[in-house]
Amino acid sequence: MNTRILTFDPKYQSAVIQHILEIDNGEFDLNLSLEDQPDLTDINKAYIKPGGNFWVAVDQNDTVIGTIGVCNMENGLGYLRKMFVKPAYR
């Protein structure tokens, strides 16, 4: 499999939202909506501008197959959020 890990680009915004909601609701049956996860509506504001980062893994067709965000906690510390990988790529 030819996969790449890329720093978030807004062109992946809708694909990231769809990817996360599919796993949240399809695999874990959490019944979450986009409104329940406002950080996904502006990834730059929620993750990157405060000093964290967000990455997407894409396959050979540029389809999002994984995500991970790091939130800045200051003093060189951070925490992981939105770590979701499609089952076929785990």
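See the structure above.
These notes cover the structure that comes with them.

Rules behind the numbers
- Every residue gets a number counted from 1 within its own chain, in the order that chain's sequence is written.
- The predicted nature of this model means local features are confined to residues of pLDDT at least 70 and side-chain atom pairs, given and counted, to a pLDDT of 80 or more, with totals for whole chains, interfaces and linings taken over all residues.
- As a rule here, side-chain values come from all non-hydrogen atoms in the structure, and water together with hydrogens is ignored.
- Two strands are counted as paired when DSSP detects at least two bridges linking them.
- The numbering of helices and of strands both runs from the N terminus, where a helix is a DSSP run of H or I of at least 4 residues and a strand a run of E of at least 2.
- Note on exposure labels: buried denotes an accessible area under 20% of the residue type's maximum, exposed denotes more than 50%, and partly exposed covers the range between, all computed with a 1.4 Å probe on protein chains only.
- For patch detection, residues must exceed 30% relative accessible area and be free of salt bridges, and they are connected within 9 Å for like charges or within 5 Å for nonpolar side chains (Val, Leu, Ile, Met, Phe, Trp, Tyr).
- All accessible-area figures derive from a Shrake-Rupley calculation using a 1.4 Å probe, and residue coverage is judged against the displayed protein chains alone.
- A side-chain nitrogen of Lys or Arg and a carboxyl oxygen of Asp or Glu constitute a salt bridge if their distance falls within 4 Å.
- A pair of aromatic rings is counted whenever rings of Phe, Tyr or Trp (Trp by its six-membered ring) have centres within 6.5 Å, and the orientation is called stacked for planes under 30 degrees apart, edge-to-face for over 60 and tilted otherwise.

## A short note on the pairing of strand β3 (residues 64-74)
Okay, so step 1: Of the strand pairs in this sheet, strand β2 (residues 53-58) and β3 are connected by six bridges, and their pairing is antiparallel. Considered in β3, the bridge of F54 is made with G69.
Okay, so step 2: Connecting β2 to the next strand, β3, in antiparallel fashion are five residues, including D62 with a positive phi near 65°.
Okay, so step 3: Where β3 and strand β4 (residues 77-85) come together, seven bridges link them in antiparallel fashion. The residue of β4 that forms the bridge with E74 is L77.
Okay, so step 4: Where β3 folds back on β4, the antiparallel hairpin that results is connected by two residues, among which N75 adopts a positive phi of roughly 55°.

## Digging into unusual backbone geometry
Okay, so step 1: Of note, N75 is a non-glycine position whose phi angle comes to about 55°, a positive value.
Okay, so step 2: With respect to the helices and strands, the residue N75 is situated in the loop between β3 and β4.
Okay, so step 3: Judged by relative accessible area, N75 falls into the exposed class, the value being 77%.
Okay, so step 4: The phi angle at K82 is positive, at roughly 55°, despite the residue not being glycine.
Okay, so step 5: Mapped onto the fold, K82 is located in strand β4.
Okay, so step 6: Residue classification places K82 among the buried residues on the basis of a relative accessible area of 10%.

## Digging into a nonpolar patch on the surface
Okay, so step 1: Where nonpolar side chains cluster on the molecular surface, the patch consists of M73, L77 and Y79 and spans about 300 Å² of accessible area.
Okay, so step 2: Structurally, Y79 can be placed in strand β4.
Okay, so step 3: Residue Y79 is classed as partly exposed on the basis of its relative accessible area of 40%.

## Details of the packing of aromatic side chains
Okay, so step 1: Taken as a whole and judged by the stated rule, the model has two aromatic pairs.
Okay, so step 2: Aromatic side chains F8 and F54 sit 5.8 Å apart centroid to centroid with 85° between the ring planes, which places their arrangement in the edge-to-face category. In this pair, F8 is assigned in the loop between β1 (4-7) and α1 (13-27) and F54 in strand β2, connecting sequence segments 46 residues apart.
Okay, so step 3: Classification of F8 as buried rests on a relative accessible area of 8%.
Okay, so step 4: Grouped by ring-pair contacts, the aromatic residues F8, Y47 and F54 constitute a single cluster.

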